[in-house]
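Each chain, written out:
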Amino acid sequence: MSTVTADTAIERAAMRPGLFAAFWQGRTKYLLGAIMIALALIMLLPIYATITASVKLPAEAAAIPPTYFPQSFSLESYAKLWDYQHGLPRYLFNSFATAFLAILFTVLLTVPAGYALARFPIPGKELLFVFLLTALIIPYQALLTPIFLMFAQLKLTNSLVGLAIIHTAIQLPFSLYIMRNSFEAIPRELEEAAVIDGCNSFQLLTRICIPSVIPSIVTIALFAFITSWNEFLGALVMLNKGEMFTLPLVLAASRTVNMLGGTDWGMLQAGVTVSIIPCVAVYLLLQKYYVSGLLSGAVK
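The model shown is predicted, which means the values in this text are computed figures rather than measured ones.

Caption draft 1: Examining the overall build of the protein chain more closely. Along its length, the protein chain carries 13 helices and zero strands. Pairs at least 24 apart in sequence give 73% of the contacts found in the protein chain among residues at least 6 apart. On the protein chain, roughly 17900 Å² of surface is accessible, and the fraction owed to carbon and sulfur atoms is 73%.

Caption draft 2: Seen up close, the packing of aromatic side chains. In the structure shown here, the tally under the stated rule is eight aromatic pairs. Pairwise contacts between aromatic rings join Phe96, Phe225 and Trp229 into one cluster. Note that Arg180 overlies the ring of Phe129, its terminal NZ or CZ placed 4.3 Å from the centroid.

Caption draft 3: Region of interest: helix 10 (residues 214–230). Between its first and last C-alpha, helix 10 extends 24 Å over 17 residues, near the 24 Å set by a 1.5 Å rise per residue. Within helix 10, the full set of buried residues consists of Ser216, Ile217, Val218, Thr219, Ile220, Ala221, Leu222, Ala224, Phe225, Ser228 and Trp229.

Caption draft 4: Examining the side chain of Lys125 more closely. Residue placement: Lys125 occurs in helix 5 (residues 125–133). An unpaired buried charge is present at Lys125: no salt bridge exists, and Glu126, the closest side chain of opposite charge, is 5.2 Å distant. Looking at Lys125, its side chain comes within polar contact range of the main-chain oxygen of Phe120, at 3.3 Å. Among residues more than four places away in sequence, those in contact with Lys125 are Leu117, Ala118, Arg119 and Phe120.

Caption draft 5: Spotlight on unusual backbone geometry. The residue Gln85 is not glycine, and still its phi comes out positive at about 50°. Mapped onto the elements of the fold, Gln85 is located in the loop between helix 3 (76–82) and helix 4 (88–119). Phi at Asn158 is positive, roughly 55°, even though this residue is not glycine. Position of Asn158 relative to the elements: it lies in the loop between helix 6 (144–153) and helix 7 (160–184). When its relative accessible area of 18% is taken as the criterion, Asn158 is described as buried.

Caption draft 6: How the structure looks around the packing of helix 4 against helix 5. Helix 5 packs onto helix 4 with a crossing angle of 145° between their chain directions and a minimal axis gap of 10 Å. Here helix 4 and helix 5 pass one another in a crossing that is left-handed. Residues Leu117, Ala118 and Arg119 of helix 4 pack against Lys125, Leu128, Phe129 and Leu132 of helix 5. Its residues placed into classes, the contact of helix 4 with helix 5 shows five nonpolar, no polar and two charged.

Caption draft 7: Focus on a nonpolar patch on the surface. Side chains of Leu31, Leu32, Ile35, Met36, Leu39 and Ile42 sit close together on the surface and give an oily, nonpolar patch of about 580 Å² of accessible area. Here Met36 is to be found in helix 1 (residues 2–54).

Caption draft 8: A look at the pattern of salt bridges. Summed over all chains, the structure comprises two salt bridges. Note that Arg180 and Glu126 form a salt bridge whose closest N and O atoms lie 2.4 Å from each other. You can see Arg180 sitting in helix 7 and its partner Glu126 sitting in helix 5, a full 54 residues away along the chain. The class of Glu126 is partly exposed, set by a relative accessible area of 42%. In this structure, Arg180 engages Glu184 in a salt bridge whose closest nitrogen and oxygen atoms are separated by 3.6 Å. Taken together, the residues span about one helical turn, with Arg180 and Glu184 both in helix 7 at a distance of four residues. In this structure Arg180 comes out as buried when scored by relative accessible area, which is 2%.

Caption draft 9: Examining the environment of Ile138 more closely. The topology assignment puts Ile138 in the loop between helix 5 and helix 6. Spatially, the C-alpha atom of Ile138 lies 9.9 Å from that of Ile170, the residues being 32 residues apart in sequence.

Caption draft 10: Representation of the packing of helix 8 (residues 188–196) against helix 9 (residues 201–212) within the structure. Across the interface, helix 8 lies against helix 9 with an axial gap of 11 Å and an inter-helix angle of 135°. Relative to helix 9, helix 8 is oriented oblique. Here helix 8 and helix 9 pass one another in a crossing that is right-handed. For the pair helix 8 and helix 9, contact is made by Leu190, Glu191, Ala194 and Val195 and by Leu204, Ile208 and Cys209, respectively. Tallied by class, residues from the contact of helix 8 with helix 9 come to six nonpolar, no polar and one charged.

Scoring rules and cut-offs
- Residues numbered from 1 in each chain as written.
- Predicted model: local features only at pLDDT ≥ 70, side-chain atom pairs only at ≥ 80, totals over all residues.
- Heavy atoms only, no water.
- Helix = DSSP H or I, 4+ residues; strand = E, 2+ residues; numbered from the N terminus.
- Contact = heavy atoms within 4.5 Å.
- Areas by Shrake-Rupley, 256 points an atom, 1.4 Å probe, with all protein chains shown as cover.
- Phe/Tyr/Trp six-rings, centres within 6.5 Å; stacked < 30°, edge-to-face > 60°.
- Lys NZ or Arg CZ within 6 Å of the ring centre and 35° of its normal.
- Expected span 1.5 Å × (residues − 1).
- Buried < 20%, exposed > 50% of the residue type's maximum accessible area, 1.4 Å probe, protein only.
- Lys, Arg positive; Asp, Glu negative; His and termini not counted.
- Salt bridge = Lys/Arg side-chain N within 4 Å of Asp/Glu carboxyl O.
- Polar contact = N/O pair within 3.5 Å; in protein donor to acceptor, adjacent residues only side chain to side chain.
- Axes fitted to C-alpha atoms, helices over the stretch in contact; angles between N-to-C directions.
- Left-handed = near helix turned anticlockwise from the far one by under 90°.
- Nonpolar A, V, L, I, M, F, W, Y, C, P; charged D, E, K, R; others polar.
- Patch = residues over 30% accessible without salt bridge, like charges linked within 9 Å, V, L, I, M, F, W, Y side chains within 5 Å.
- Parallel < 35°, antiparallel > 145°, perpendicular 65-115°, else oblique.

Now the structure itself:
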């Protein structure tokens, strides 16, 4: 009887480290989960405050201290935003058109450039690649004055095309970095097999390489959209006609729309809510491609 008891005690003692490790791992998992939930709530709090302010009555939206829950539900701020100056649909069209052009220009420029830098034996291409990436450390705001003077001579001011060119220039270095690394990650055996089958360089790009880097193309398109959609200073410098304004400019202008020159917080928060929706929707639709494309293009 004593032998069985001693053996059982030894087995229990041997099991204790494993039980303790499992218990600690479980506690750690719940602790990390709680931290993640807390961080998510902190990040979502400004969005919640924005959305709730947009559905309050104007007086309640401007109240100090603010109310955390709307006392009454109202779409008056959205109605005022819809009819503001040239109308919200016009400004949404300008923002979407500029973003679409920026995506188009970015993809058309960086896909062939990234393929050439990854595959063609260009003399000094590594130095050229580093030179192209130096634009990442130069703030585009410092170049807006000469760009404006040049665009004024080319009749590209007050033009969505001109604004899209600026947004494309902002996005080009990062997009080129992603595309070059993505093309380099493609096994050369695929291209060698295609060459044996009679493909030329253009066919290699369109039939073999581009289908292999679709996630990276989606990634740079998503970044180009968000950059163009939210960009403010370039639009402020290049556009001075109200009918050409993009949504960020309208949000800045809508801050002083009441008779006393104060800020209509309800209308402003309604505009911020409207501006958030496309970015969130596009990201949720393309997040699968975005994550895989960013990892494949940023890690060499």
